[in-house]
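# Report on the structure
If you want the building blocks of each chain, they are given just below.
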Amino acid sequence: MITNSIISKIMSKFIKNSLVIVVMTSLLLTGVMTVSMSQRSFAQLLPKQMQTPGQTSINGAGATFPFPLIDTWRVEYQKVKPDVNINYQSIGSGGGVKQFTAKTVDFGASDAPLTAAERAKATNAVHIPETIGSVVAAYNIPGIPDKGLKLTGPVLADIFSGKIKKWNDPQIQSLNPDKKLPDANIVTVHRSDGSGTTFVWTSFLSKSSPQWNQTIGASKSVQWPSGVGAPGNEGVANAIKGSPNTIGYIELNYALNTKTPYAFIKNSAGKFVEPTLDTVKQAATDVASKGLPKGDASWEKVTLLNDKASGAYPIASFTYLLIPKDLGKSPNMNEAKAKALVDFIKWAITDGQNFSSKLGYVPLPDQVVKADQESLKSLTFNGKPI
Amino acid sequence: MSSSNNPSSRKEKSSGERPSKAGNNFRQTFQEISIKHASRRRITNKIVSIIAIVFVIGAIIPLASILFEVIKNGVAVLSVQFLTQPPGAIGSDAGGIGPAIQGTLITVGLASLIGAPIGVLSGVYLSEFATTSSVKGPKQRAISFFANTIRLFNDVLTGLPSIVIGIVGYVAIVLALNSFSVWAGAFALSIIMIPIVSRVSEETLKLVPNSLREAGYSLGISKTKITLFIVLKNAKDGVLTGVILAISRIAGETAPLIMTILGTSLFFTSLTGPVDALPLRIWRLASQPYESAHGFGWGAALVLILIILALSASIRLIARGKGIRVRTETI
């Protein structure tokens, strides 16, 4: 009797405070349930994207520029190989190289090839150019709503170093006699984060202006003499759109997506060229026909900038996937996963290129695909070819 | 008004006993002054009330406009598919944020399992065991020094930028395991959680009347049992409020997750692999140049706000009618 009353007392207290317990446990339970649901009952809902023990997940991270393309590959490759799951997170080229070096991801991605210092740290890194991008000078000038302002490399270098201060400066006006440029101060917009786009842009300015080369140079982040900073391609695009008399550099597909007008740039053949898939591809084809380095060699010298082809847009760049030459040395890697990764990249550089044009990317020229395939053949898993 | 009149009416009575010319004059001036004062006080009272109401409205405007914006933009994308599916290719309307919702629940749940016991026990120590009344001399000084050091470090930890805690998680766990992982994210979040829970627990336990402890001692119950079954039990609602406050706080953290869980478009696979989380997904989606990605971002923000609102509502339910006052100014 006594024990019974004690038990009932305890029970009633328990019920009184059960709300407290319910809240706590429900939170944990939902977590646990979603875990198990994702493995069982979700399997019926999502037959293709389910994680079952026979599935392989491959993690990659890096450049923001190829993200829309790689993310499309992720979804499309699921249809080809339902048991392989690709996960690519756009954290920026700098982050991609860093995480690849730290071996926290299965593959990295960068718009800039590894520098000598980076290669020393990330030994046996293989570069696989997976697509081609171009950087455009996007602007917001009241009275000039359309693309097609004509600019040259040296003029851009002078604008970004603050030497040309007004839009109606004779140097700009003489290139655009048909346009009425305002008597307003130029505001330059640049990336505030470490960026492959900045690397391509500053490399172009360095090639165009010896003074830029000596004082500022080319890197993923530089000491800007003037202007305002914004994070990411979209940050720069928004800053340009949001304030008048601005000019900044963004990758072509971001300019197209945000409908920002961009300049035609004078190439080394003396023509003012509009950045299009075709004019960018001309540069890539020309460079590839002259021979590309081996996958595990240095790609630092490879450049699509100021290409000699007469119709080539002068500010273009490969963007690279980074994978270790011997995949067996990566943690979190096994032979099946290594094969899945290589198969995915093989697919990406061939069938995957069919998705490029629609998204504003330049499909790889045949020579580049061949060079990539050679590089992939050289990959090993603990010494064995994959 | 009436209170300001009281002294004058008392004066009236006393002066009424011995009427004199001077007294009448005094009474008159006193009344004038008090009436003048009363009307001035009334006006001041009105002005201050109006200012207070204006500031209250000013404080509500940001919250209301955030809720309005998030609901306006987020409701459109909500659907079963949005809540359960993995994301489709960026720029397309396909898919949802299933992995992010799942990842937030797992990471926050695991972080609470790590952080809540440590936080509560450290609060119990500071309130119950770091008392110095029973010991004297150097031992007393040592205990109070240790307790004060813990309190100081707790406060410092509360003020630490969360991105720094993320870097700690990256160096301590991600680099050690060579993989972005749920563990690293939960570890970083639990570090944010511990000082909040510890502080709130300590304050709540201190509110438990000492007579309850003394009653326990008088019955010969051991200190462990008194702490567990009397003190902690009486302070349970307050302690849980602290835990839930801390959970709401970490559920919205982005910075510690950037460096620890990486994010993924896949559902949970293992505790040692990357996972997604709502705040991280919102941040990534917001930096995409696609309208559909922004729509998804608003939807994810709405889901996150609903989860946190549900947690806050549960605090109200727990604390309702129990007169529990938790000191939250340390949070």
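Residues numbered from 1 in each chain as written. Chains lettered and ligands numbered in written order. Predicted model: local features only at pLDDT ≥ 70, side-chain atom pairs only at ≥ 80, totals over all residues.

Across its full length, chain A holds 15 helices and 13 strands. Counting all 386 residues of chain A, 48% fall into the buried class. Sequence-distant contacts, at least 24 apart, represent 73% of the contacts inside chain A between residues at least 6 apart. (Helix = DSSP H or I, 4+ residues; strand = E, 2+ residues; numbered from the N terminus. Buried ≥ 20, exposed ≤ 12 C-beta atoms within 10 Å, placed from the backbone. Contact = placed C-beta atoms within 7 Å.)

Residue and element names in this part refer to chain A. If you walk across this open sheet you meet the eight strands as β2-β1-β3-β11-β4-β8-β6-β7, and the pairing is mixed. On the outer flanks of this sheet lie β2 (84-90) and β7 (228-230), each paired with one strand and no other. On average, adjacent strands in this sheet sit at an angle of 25 degrees to one another, irrespective of strand direction. Pairing of strand β4 (residues 125-140) with strand β8 (residues 246-251), which is carried by six bridges, proceeds in the antiparallel orientation. By the bridge assignment for β8, Val-135 is matched with Glu-251. (Pairing = 2+ DSSP bridges. Axes fitted to C-alpha atoms, helices over the stretch in contact; angles between N-to-C directions.)

Okay, the nonpolar core next. Core analysis: the biggest nonpolar cluster contains 166 residues, and Ala-137 and Ala-284 of chain A together with Ala-300 of chain B have the highest contact counts within it. If sequence neighbours within four positions are ignored, Ala-300 of chain B has contacts with Ile-97, Ala-100, Leu-278, Arg-281, Ile-282 and Leu-285 of chain B. (Core = buried A, V, L, I, M, F, W, Y, C linked by C-beta atoms within 7 Å.)

Looking now at the interface of chain A and chain B. At the interface, 37 residues of chain A touch 36 residues of chain B. Ranked by residues supplied to the side of chain A that touches chain B, first place goes to helix α2 (residues 18-39) of chain A with 10 residues. Of the residues assigned to the side of chain A that touches chain B, the class counts are 16 nonpolar, 17 polar and four charged. (Nonpolar A, V, L, I, M, F, W, Y, C, P; charged D, E, K, R; others polar.)

Residues and elements named next belong to chain B. Domain assignment breaks chain B into domain 1 (2-76) and domain 2 (82-319). Relative to domain 2, the C-alpha centre of domain 1 lies at a distance of 45 Å. Class assignment of the residues belonging to the side of domain 1 that touches domain 2 gives a composition of four nonpolar, two polar and no charged. (Domains from an automatic or database assignment.)

Before going further, it helps to examine helix α12 (residues 278-286) of chain B. Since the α-helix packs 3.6 residues into each turn, any two residues three or four apart lie on the same face. Most of α12 of chain B sits out of view: seven of its nine residues are buried. If you check which residues of α12 of chain B are buried, you get Leu-278, Pro-279, Leu-280, Arg-281, Ile-282, Arg-284 and Leu-285 of chain B.

Residue and element names in this part refer to chain A. If you walk across this open sheet you meet the three strands as β5-β9-β10, and the pairing is mixed. The open sheet terminates on both sides in strands that have one partner only, identified here as β5 (150-151) and β10 (272-273). Two elements, strand β9 (residues 264-266) and β10, share two bridges in a ladder whose sense is antiparallel. Bridged to Ile-265 within β10 is Val-273.

Attention now moves to the pairing of β2 of chain A. Residue and element names in this part refer to chain A. Buried residues dominate β2, accounting for seven of its seven residues. Covered by surrounding structure in β2 are Val-84, Ile-86, Tyr-88 and Ser-90 together with Asn-85, Asn-87 and Gln-89, the residues of both alternating faces. Bridge count between strand β1 (residues 56-62) and β2: seven bridges; the pairing is parallel. Paired with Gly-60 across the strands is Tyr-88, a residue of β2. Considered for its hand, the β-α-β crossover made up of β1, helix α4 (residues 67-80) and β2 is right-handed. (Right-handed = clockwise from strand over helix to strand, strands pointing away.)

Here we come to helix α9 (residues 196-208) of chain A. Residues and elements named next belong to chain A. Between its first and last C-alpha atoms α9 spans 18 Å; for 13 residues at 1.5 Å apiece the expected length is 18 Å, and the two agree. Here α9 lies mainly inside the structure; 12 of its 13 residues are buried. Considered for burial, the residues of α9 that qualify are Gly-196, Thr-197, Thr-198, Phe-199, Val-200, Trp-201, Thr-202, Ser-203, Phe-204, Leu-205, Ser-206 and Ser-208. (Expected span 1.5 Å × (residues − 1).)

Moving on, we come to the environment of Ile-221 of chain B. By the element assignment, Ile-221 of chain B lies in the loop between α8 (210-218) and α9 (223-234). In this view, Ile-221 of chain B contacts Gly-216 and Ile-226 of chain B; residues no more than four positions away in its chain are not counted.

Another point: the packing of helix α7 (residues 182-207) of chain B against helix α10 (residues 236-251) of chain B. Residue and element names in this part refer to chain B. One way to put it is that α7 packs onto α10 with a least axis distance of 8 Å and a crossing angle of 155 degrees. Here α10 runs roughly antiparallel to α7, going by the angle between their axes. Handedness of the α7/α10 crossing: right-handed. Touching Leu-189, Ile-192, Met-193, Ile-196, Val-197, Val-200, Ser-201 and Thr-204 of α7 are Gly-238, Val-239, Gly-242, Val-243, Leu-245, Ala-246, Arg-249 and Ile-250, all from α10. Grouping the constituent residues of the contact of α7 with α10 by class yields 11 nonpolar, four polar and one charged. (Parallel < 35°, antiparallel > 145°, perpendicular 65-115°, else oblique. Left-handed = near helix turned anticlockwise from the far one by under 90°.)

We now examine the confidence of the model for chain B. Residue and element names in this part refer to chain B. Here chain B averages 86 in pLDDT, and 89% of its residues register 70 or above. Predicted confidence for residues 1-16 stays below pLDDT 50, and this span has 15 contacts to residues more than four positions away or in other chains. Note that pLDDT drops below 50 for residues 326-331; the model gives that stretch 13 contacts with residues more than four away or on any other chain. (pLDDT = per-residue confidence, 0-100.)

Another point: the packing of helix α5 (residues 138-159) of chain B against α7 of chain B. All names here are of chain B. Running from N to C, α5 and α7 point in directions that differ by 130 degrees, and their axes come no closer than 8 Å. Taken together, the axes of α5 and α7 lie oblique to each other. Judged by the twist between their axes, the crossing of α5 over α7 is left-handed. Contacts between α5 and α7 involve Asn-154, Leu-157 and Thr-158 on the former and, on the latter, Pro-195, Ile-196, Ser-198 and Arg-199. Residue classes in the contact of α5 with α7 are distributed as three nonpolar, three polar and one charged.

Here we come to the environment of Val-135 of chain B. With respect to the helices and strands, the residue Val-135 of chain B is situated in the loop between α4 (98-129) and α5. Those residues within four positions of Val-135 of chain B in sequence are excluded, and the remaining contacts are Gln-140 and Ile-143 of chain B.

Residues and elements named next belong to chain A. Despite not being glycine, Asn-306 shows a phi value in the positive range, around 50 degrees. The residue Asn-306 is located in the loop between α13 (277-289) and β11 (316-324) in this model. In this structure, Asn-382 is a non-glycine residue whose phi angle is positive, near 50 degrees. Tracing the backbone through its elements, the reader meets Asn-382 in the loop between β12 (380-381) and β13 (384-385). Among the residues examined, Asn-382 registers 11 C-beta atoms within 10 Å and is labelled exposed.

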